[in-house]
Amino acid sequence: MDPVLIEVPERIETERLILRCPRPGDGPTVNEAERETRAELKPWMPWAHVEKSLDDSEAYCRRMQARFLLREDLVMFIFERDVMGREGRFLGGTGLHRIDWTLRGFEIGYWRRTGCGAQGYVTEAVRALADLAFGTLGVVRLEAVIDEANAASRRVAERCGFALEGIHRHDRRAADGGLRNTCIYARLAAAAPP
């Protein structure tokens, strides 16, 4: 089946969150959060090394919406749900990347805005997206690729039922030129959720 024909919800609601695909007009919100969080994300996210203009962020949102519709990259933004059940504060992003529709194997990624840590938001978002992947999309393997030193991100993966499969030693360079190790976590469709 052509992936474009696969039904993928553009919005997921959890107890405290709304996850939804990017839309035109999201650029300023994303730009503000990235500017706030850049220093925190720099060690882990290559995209955090470049300061984006408002136009860059808006173009990114529009490209990600197009890629979502083409089923090439399923980026979702994370919003806090307000008391009326509407989108509140922008908390970060998650998504299903490096999609292999033939295998039904994806990579999951996530980041959170500064000041939103230690509240379980990312764990809640990753669980919801993993449920979508294994349920609706029929994924057989979901992978999380995390820098070995990123303890917070590793804890999220472990809380969400991902198992450490191995560590690739000195497999990439950090911005400062130093060698880094990468942890490969995975969760399989046959594995029971946490």
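The structure contained in this document is the topic of the report that follows. This one's a predicted model, so the numbers in the text were calculated from it and none came from an experiment. (Residues numbered from 1 in each chain as written. Predicted model: local features only at pLDDT ≥ 70, side-chain atom pairs only at ≥ 80, totals over all residues. Heavy atoms only, no water.)

**A closer look at the overall build of the protein chain**
Here is step 1 of the chain: Counting its secondary structure elements, the protein chain contains four helices and eight strands.
Here is step 2 of the chain: Ordered by position from the N terminus, the helices and strands of the protein chain form the series β-β-α-α-β-β-β-α-β-α-β-β.
Here is step 3 of the chain: Compactness check: the protein chain gives a C-alpha radius of gyration of 16 Å against a globular reference of 16 Å for 194 residues, within 12% of the reference.
Here is step 4 of the chain: When each of the 194 residues of the protein chain is scored for burial, the buried share is 46%.
Here is step 5 of the chain: Split by element, the accessible area of the protein chain, about 10000 Å² in all, is 52% carbon and sulfur. (Helix = DSSP H or I, 4+ residues; strand = E, 2+ residues; numbered from the N terminus. Rg over C-alpha atoms; globule rule 2.2 N^0.38 Å. Buried < 20%, exposed > 50% of the residue type's maximum accessible area, 1.4 Å probe, protein only. Areas by Shrake-Rupley, 256 points an atom, 1.4 Å probe, with all protein chains shown as cover.)

**Some details on the side chain of Thr 14**
Here is step 1 of the chain: Inspection of the secondary structure puts Thr 14 in the loop between strand E1 (11-13) and strand E2 (17-20).
Here is step 2 of the chain: What makes Thr 14 buried here is its relative accessible area of 15%.
Here is step 3 of the chain: In terms of polar contacts, Thr 14 uses its side chain to reach the side chain of Glu 124, at 2.5 Å.
Here is step 4 of the chain: The residues touching Thr 14, leaving out its near neighbours within four places in the chain, are Arg 81, Glu 124 and Ala 128. (Polar contact = N/O pair within 3.5 Å; in protein donor to acceptor, adjacent residues only side chain to side chain. Contact = heavy atoms within 4.5 Å.)

**A look at the nonpolar core**
Here is step 1 of the chain: Formed by 39 residues in total, the largest nonpolar core has its most connected members in Leu 96, Phe 106, Ile 108, Val 126, Leu 137, Leu 142 and Phe 162.
Here is step 2 of the chain: Only E2, strand E3 (74-81), strand E4 (87-100), strand E5 (105-112), helix H3 (121-134), strand E6 (141-147), helix H4 (151-159) and strand E8 (179-188) provide two or more residues apiece to this core.
Here is step 3 of the chain: Not counting the four nearest positions on each side in its chain, Phe 162 is found in contact with Ile 108, Val 126, Leu 142, Glu 143, Ala 144, Ala 157, Tyr 185, Ala 186 and Arg 187.
Here is step 4 of the chain: In this structure, Ala 33, Met 64, Val 75 and Phe 90 belong to the second largest nonpolar core, which totals 13 residues. (Core = buried A, V, L, I, M, F, W, Y, C linked by side-chain atoms within 4.5 Å.)

**Observations regarding the pattern of salt bridges**
Here is step 1 of the chain: Scanning the model with the defined rule gives 22 salt bridges in all.
Here is step 2 of the chain: Notably, a salt bridge pairs Lys 52 with Glu 34, separated by 3.2 Å at the nearest N-O pair. In this pair, Lys 52 is assigned in the loop between helix H1 (27-41) and helix H2 (54-69) and Glu 34 in helix H1, connecting sequence segments 18 residues apart. Glu 34 matches Lys 52 in its accessibility class, with the two residues each being buried.
Here is step 3 of the chain: By sharing partners, the salt bridges in this structure join Arg 11, Glu 13, Arg 20, Arg 23, Asp 26, Arg 81 and Glu 87 into a single network. (Salt bridge = Lys/Arg side-chain N within 4 Å of Asp/Glu carboxyl O.)

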